[in-house]
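The residues making up each chain are set out below.
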Amino acid sequence: MKLFRMLGRSFRDAFKSVFRNFSLSLASISCITITLIIVAIAIIASFNVKNFTKELEKDMTIVVFLDTKATEQEVTSVKKKIESLENVEKYTFKSKNDVKKEMVKESDVFKTVMDGWDDENSPLKDTFQVKVKDIMKIGTTARKIEKMDKVSVVRYGENMVDKMVVAFASIEKVAYGVVIALILVTVFLIVNTIKLTIFSRKREISIMRLVGASNFTIKTPFIIEGMVLGAIGAIIPILITTFGYLAFYNHFEGYLFSPVIILIKPEPFIYSASLAILIIGIIVGMIGSAHAVRRYLKV
Amino acid sequence: MDLIRLKNVSKQYKNGVTAIQDLDLSIKKGSFTFVIGGSGSGKSTLIKMLYREERPSKGQIVVGGVNVVKLRNTKVYKLRRKLGIVFQDYRLLPKLTVYENVNFAMEVIGASKNEARTKVLKALEVVGLKNKIHNYPDQLSGGEQQRVAIARAIVNEPKLLLCDEPTGNLDPEMSMEIMKVLDNINKETGTTIIMATHDKEIVNKMKKQVITLKDGRLIDFKEKGTYHEAI
């Protein structure tokens, strides 16, 4: 009972204080808002990147073309070597004939041309389609396969994949940097807001101490004030996340630029993203106010 | 029985000023004691050490069974709940009414509304301000404001009431009014009162226990004493 009364009092004081020092509160709130908007964008972007990288990984294969002249024995030896590679998840073998059959099925033109080919004079090659466990190491694995005997060419869409991986990694790094810088600025602003509240209530605090208020009672309203600032600052970013992402998703119909880049379905993604933003806002507010209380409230 | 016991207490401030030197003192439960002395004699420091605003540099202080010197900062509030404190400058909150000012002391220690209400009204009755509970401090005279401060100090029924020059800002007439209130509290509830003052007239009229300090040393301790002329 007593605890609830004290918490109720703390909440009341915290809200009062937010509005009493409104101009300064507004500065903190705006800063939290801006920070959280960028955090929100970073969250949405990074989850989407993760999502479509995963999608991409599903399709990602190393295609190993063998020499035209490779004998059956040599093919088996390559197969064994591929099997023994660490990063290989699974592989399938397609012989010249399989390839030919597939192509013939696809178009009549191929059929007329290819009908004239037999095993001896076919320009087609036996292939292995290799799936890897870790997409980041696909290049190394491909090079290892390339060095094997009787392997003529190895392809894995290296240019596109490498570029994308590098681009996303650097975007992520920049985003993290910006977010951390903004969070620091926000914490600093909150520290100042709470500091001002503490100073404006010095008299009240000194009387509280005289009449025997516990440290918990004295400190809690200020901590809650920081959390309230964080929560208020999260409102606009949450709205932006929810409606902005919905609009974005609908506008692009679930794909960005090309069908390769699949966006995450808005539900329930926007709800968990909103929750994350709210929690980040509250935690940042709490860190700022706790810091101010520790520094300026000598009890 | 002794409510307060000081043993060998010295206090030196960080700037090198020695406020109290080798003070031995015991004060009985239910007594009314004046602490007198000129400026810089250590009156305020003594009071501050009793409610643990200051720690002595040396010695032992026990208040109501609590070893004040060893009390951790986070536990000071437990001591404060057992005592009431009144200052020269009242220290009321200007934006709160008389009732709210007294109630503030109950609220911050987590008392229930009902309990607080009963105690606040009782305390305001003791100081004779029950008819002004809705007024704000700036609508009251100095004497009345000090009575509100006294009500706030006694609302939680403390064993000990510490007063640091409570009549310092008041004219003789109002001062006597305050003294009547304090004397009344002492007699009716048995609350021990320690009051620092340099008001000669009050000390001589009240004929209470008198502790005289000079340069931080105890130079006189008398039952039913008068103002020490050496000051």
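1. Topic: the overall build of chain A
Next up, step 1: Within chain A, the regular secondary structure consists of 10 helices and 6 strands.
Next up, step 2: For chain A, the residues scored as buried account for 40% of the 299 residues in total.
Next up, step 3: Within chain A, residue pairs in contact and separated by at least 24 positions form 83% of the contacts whose partners lie at least 6 positions apart.
Next up, step 4: Here chain A displays about 17,000 Å² of accessible surface, and carbon together with sulfur accounts for 65% of that area.

2. Here's the deal with the sheet that holds strand E2 (residues 88-94) of chain A
Residues and elements named next belong to chain A.
Next up, step 1: Within the open sheet, the 4 strands sit side by side as E2-E3-E1-E4. Their pairing is antiparallel. At either end of the open sheet lies a strand with only one pairing partner, and these are E2 and strand E4 (151-155). Looking at each pair of strands side by side, their axes are set apart by 20 degrees on average, direction ignored.
Next up, step 2: Sheet topology places strand E1 (residues 62-66) next to E4; 4 bridges connect them, and they run antiparallel. If you follow Leu66 over to E4, its bridge partner there is Val151.
Next up, step 3: Packing of helix H4 (residues 96-106) onto the sheet brings it into contact with E2 and strand E3 (127-132), and relative to E2 it is tilted by some 75 degrees.

3. Digging into the sheet that holds strand E6 (residues 83-87) of chain B
Residue and element names in this part refer to chain B.
Next up, step 1: Judged by pairing direction, the sheet is mixed, and its 6 strands sit side by side in the order E6-E7-E8-E3-E9-E10 without closing on themselves. The strands lining the two open edges of the sheet, one partner per strand, are E6 and strand E10 (217-222). Between one strand axis and the next, the sheet turns through 15 degrees on average, direction left out of account.
Next up, step 2: This element, helix H1 (residues 43-50), spans strand E3 (32-36), E6, strand E7 (160-164), strand E8 (192-197) and strand E9 (209-214) of the sheet and lies at about 150 degrees to E8.

4. Describing a positive patch on the surface
Next up, step 1: Where like charges cluster on the molecular surface, the positive patch consists of Lys137, Arg143, Lys144 and Lys147 of chain A.
Next up, step 2: We classify Lys147 of chain A as exposed; its relative accessible area is 72%.

5. Examining unusual backbone geometry
Next up, step 1: In this model, Glu267 of chain A is joined to Pro268 of chain A through a cis peptide bond whose omega is 0 degrees.
Next up, step 2: Structurally, the position occupied by Pro268 of chain A is in helix H10 (residues 266-296).
Next up, step 3: Despite not being glycine, Asp22 of chain B has its phi angle at roughly 40 degrees, a positive value.
Next up, step 4: With respect to the helices and strands, the residue Asp22 of chain B is situated in strand E2 (residues 18-28).
Next up, step 5: The backbone of Asp215 of chain B shows a phi angle near 50 degrees, a positive value even though the residue is not glycine.

6. Section: helix H6 (residues 172-189) of chain B
All names here are of chain B.
Next up, step 1: Taking 1.5 Å of rise per residue, 18 residues should cover 26 Å, and H6 covers 26 Å from first to last C-alpha, within 8% of that figure.
Next up, step 2: Looking only at H6, the buried set comprises Ser175, Ile178, Met179, Val181, Leu182, Asp183, Ile185 and Asn186.
Next up, step 3: Where H6 is buried, its residues contact E3, helix H4 (113-126), helix H5 (142-154), E7, E8 and helix H7 (200-206).
Next up, step 4: Directly after H6, the chain includes Gly190, whose backbone phi takes a positive value near 70 degrees.

7. So, the confidence of the model for chain B
Next up, step 1: When pLDDT is averaged across chain B, the result is 92; 99% of the residues are at 70 or more.
Next up, step 2: Interface confidence for the predicted complex, expressed as ipTM, amounts to 0.87; the pTM equals 0.72.

8. Quick word on the interface of chain A and chain B
Next up, step 1: At the interface, 17 residues of chain A touch 23 residues of chain B.
Next up, step 2: Surface buried jointly by chain A and chain B totals about 1,800 Å² across both partners, of which 58% is contributed by carbon and sulfur atoms.
Next up, step 3: Of all residues in chain A, Ile207, Leu210 and Val211 of chain A bury the most surface against chain B, accounting for 32% of the area lost on that side.
Next up, step 4: The interface formed by chain A and chain B contains 3 salt bridges.
Next up, step 5: Glu107 of chain B is the salt-bridge partner of Arg9 of chain A, the closest N and O atoms lying 2.5 Å from each other.
Next up, step 6: Across the chain A-chain B interface, the total number found is 7 residue pairs in polar contact (both at pLDDT 80 or more).
Next up, step 7: Of all elements in the fold, only helix H1 (2-20), helix H8 (202-210) and helix H9 (215-252) of chain A reach the threshold of two or more residues within the side of chain A that touches chain B.
Next up, step 8: Examining the composition of the side of chain A that touches chain B, we find that 6 residues originate from one element, H8 of chain A, more than from any other.
Next up, step 9: For the side of chain A that touches chain B, a count of residues per class yields 6 nonpolar, 4 polar and 7 charged.

9. Remarks on the packing of aromatic side chains
Next up, step 1: One pass over the structure, following the stated rule, counts 11 aromatic pairs over all chains.
Next up, step 2: Where Tyr91 of chain A meets Phe128 of chain A, the ring centres are 6.1 Å apart and the plane angle is 70 degrees; that geometry is what we call edge-to-face. Here the residue Tyr91 of chain A occupies a position in strand E2, and Phe128 of chain A occupies one in strand E3, the gap between them amounting to 37 residues.
Next up, step 3: Under the relative-accessibility criterion, Tyr91 of chain A is labelled partly exposed at 23%.
Next up, step 4: By relative accessible area, which is 0% here, Phe128 of chain A ends up buried.
Next up, step 5: What links up through ring pairs into an aromatic cluster is the set Phe47, Tyr245, Phe248, Tyr249, Phe252 and Phe269 of chain A.
Next up, step 6: Positioned above the aromatic ring of Phe87 of chain B is the side chain of Arg91 of chain B, whose terminal nitrogen or guanidinium carbon lies 3.7 Å from the ring centre.

Rules of the game
- Residues numbered from 1 in each chain as written.
- Chains lettered and ligands numbered in written order.
- Predicted model: local features only at pLDDT ≥ 70, side-chain atom pairs only at ≥ 80, totals over all residues.
- Heavy atoms only, no water.
- Helix = DSSP H or I, 4+ residues; strand = E, 2+ residues; numbered from the N terminus.
- Buried < 20%, exposed > 50% of the residue type's maximum accessible area, 1.4 Å probe, protein only.
- Contact = heavy atoms within 4.5 Å.
- Areas by Shrake-Rupley, 256 points an atom, 1.4 Å probe, with all protein chains shown as cover.
- Pairing = 2+ DSSP bridges.
- Axes fitted to C-alpha atoms, helices over the stretch in contact; angles between N-to-C directions.
- Patch = residues over 30% accessible without salt bridge, like charges linked within 9 Å, V, L, I, M, F, W, Y side chains within 5 Å.
- Salt bridge = Lys/Arg side-chain N within 4 Å of Asp/Glu carboxyl O.
- Lys, Arg positive; Asp, Glu negative; His and termini not counted.
- Charge placed at Lys NZ, Arg CZ, Asp CG, Glu CD.
- Expected span 1.5 Å × (residues − 1).
- pLDDT = per-residue confidence, 0-100.
- Buried area = accessible area lost by both parts, 1.4 Å probe.
- Polar contact = N/O pair within 3.5 Å; in protein donor to acceptor, adjacent residues only side chain to side chain.
- Nonpolar A, V, L, I, M, F, W, Y, C, P; charged D, E, K, R; others polar.
- Phe/Tyr/Trp six-rings, centres within 6.5 Å; stacked < 30°, edge-to-face > 60°.
- Lys NZ or Arg CZ within 6 Å of the ring centre and 35° of its normal.

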